[in-house]
Amino acid sequence: TAVYQGGTAHTGEAGGEADIKAYMAHAEIGVNIEKFSVRVGGLYMTGDDEADNDVENYFGIDTDNTMLGSVVLFECLDPMTYYAFYGPQAGRYGAMHLYAHFGVELDKNTDLRVGALWLNAAEDIVYIDGSGQKDNNLGYEINAELTHKITKNLTFALAGGYLIAEDGADALASDGDSDDLWKVISMFRFKF
């Protein structure tokens, strides 16, 4: 999938009209063998490294963030759900992520997925501490998700993830030293 975003918009950052010139590309390859599945993919979203009249960071207005399977940074459950969201990126710095998932159908109502992601910004993030250092590696996330179909229309999902923060995340931290993050989330979904 590839998308180009163009046009003009009012922006407070540039102090007037801004030209939008951004794009997004996503590729995934996967295989299903009986009750097992493997998916490997990547996502690139342009970022903007300076405040000027050219807006180069991609704005996702209907982004399927679940394709990444991230739990810690993007809270994604259920690969069929779309979110009106500004996309899986760190601020205006864009995104450059790689991911791999392994799934297994435990029984006719229960699925388990485990995944790993390498999360990066498309543009270098300058440390906010004024040191002049910059980096784009946000870190590595490992996660798992268990989904159970309770009835024909009701599903429960439980997911957990751990992000090992790297130098790009440090650049965004007010003290220049970000912490590793973990998160557990759950969801009931009723479809009719």
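**Let's talk about the overall build of the protein chain**
- Check the secondary structure of the protein chain and you find 1 helix and 9 strands.
- In the protein chain, the order of α-helices and β-strands from amino to carboxyl end is β-β-β-β-β-β-β-β-α-β.
- Looking at the protein chain residue by residue over its 192 residues, the buried ones come to 40%.
- Taking contacts inside the protein chain between residues at least 6 apart in sequence as the whole, the part at least 24 apart equals 55%.
- Here the protein chain has roughly 10,800 Å² of accessible surface; of this, 57% comes from carbon and sulfur atoms.

**Brief notes about the environment of Gly7**
- Examined against the element boundaries, Gly7 turns out to sit in strand β1 (residues 2–11).
- Each C-alpha atom of the pair Gly7 and Lys21 lies 7.3 Å from the other, and the pair is 14 residues apart in sequence.
- Discounting chain neighbours no more than four positions away, the residues touching Gly7 are Ala18, Asp19 and Ile20.

**Regarding the packing of aromatic side chains**
- For the coordinates displayed, the defined rule picks out 5 aromatic pairs.
- With a centroid separation of 5.8 Å and an interplanar angle of 35°, the aromatic rings of Tyr23 and Tyr44 are classed as tilted. Taken together, the residues span a long stretch of sequence, with Tyr23 in strand β2 (residues 16–33) and Tyr44 in strand β3 (residues 36–45) at a distance of 21 residues.
- For Tyr44, a relative accessible area of 26% gives the class partly exposed.

**As for unusual backbone geometry**
- Non-glycine residue Glu34 carries a positive phi angle of around 55°.
- As for its position among the elements, Glu34 is in the loop between β2 and β3.

**Some details on the side chain of His26**
- Here His26 lies in strand β2.
- Classification of His26 as buried rests on a relative accessible area of 14%.
- Within polar-contact distance, the side chain of His26 engages the side chain of Tyr99 at 2.7 Å.

**Digging into the pairing of strand β5 (residues 95–107)**
- Sheet analysis places β3 next to β5, joined by 10 bridges and oriented antiparallel. Within β5, the position partnered with Phe36 by the bridge is Val104.
- Note that β5 and strand β6 (residues 110–126) share 9 bridges and pair antiparallel. The partner of Asp107 across the bridge, within β6, is Thr110.

**Concerning the confidence of the model for the protein chain**
- Averaged over all residues, the pLDDT of the protein chain is 80; the fraction at 70 or higher stands at 80%.
- Element-level pLDDT for the protein chain is lowest in strand β4 (residues 54–55), with a mean of 76, against a maximum mean of 93 in β5.

**Here's the deal with the pattern of salt bridges**
- All chains considered together, the criterion is met by 2 salt bridges.
- One salt bridge connects Glu28 with Arg39, and the closest N-O pair in it is separated by 3.8 Å. Here Glu28 is found in strand β2, whereas its partner Arg39 is found in strand β3, with 11 residues between them in sequence.
- Its relative accessible area of 24% is what places Arg39 among the partly exposed residues.
- One salt bridge connects Glu145 with Arg113, and the closest N-O pair in it is separated by 3.4 Å. Taken as a pair, Glu145 in strand β7 (residues 134–149) and Arg113 in strand β6 lie far apart in primary sequence, 32 residues in all. For the pair shown, Glu145 and Arg113 are each scored as buried.

**With respect to the nonpolar core**
- Counting 10 residues, the largest nonpolar core is built from Tyr93, Tyr99, Leu117, Leu119, Ala121, Ile125, Tyr127, Leu138, Leu163 and Ala171.
- If you tally residues by element for this core, the top one is β6, at 4 residues.
- Look past the residues within four positions of Tyr93 in its chain and what remains in contact with it is Gly47, Asp48, Ala121, Ala122, Glu123, Asp124, Ile125 and Leu172.

Thresholds applied
Residues numbered from 1 in each chain as written. Predicted model: local features only at pLDDT ≥ 70, side-chain atom pairs only at ≥ 80, totals over all residues. Heavy atoms only, no water. Helix = DSSP H or I, 4+ residues; strand = E, 2+ residues; numbered from the N terminus. Buried < 20%, exposed > 50% of the residue type's maximum accessible area, 1.4 Å probe, protein only. Contact = heavy atoms within 4.5 Å. Areas by Shrake-Rupley, 256 points an atom, 1.4 Å probe, with all protein chains shown as cover. Phe/Tyr/Trp six-rings, centres within 6.5 Å; stacked < 30°, edge-to-face > 60°. Polar contact = N/O pair within 3.5 Å; in protein donor to acceptor, adjacent residues only side chain to side chain. Pairing = 2+ DSSP bridges. pLDDT = per-residue confidence, 0-100. Salt bridge = Lys/Arg side-chain N within 4 Å of Asp/Glu carboxyl O. Core = buried A, V, L, I, M, F, W, Y, C linked by side-chain atoms within 4.5 Å.

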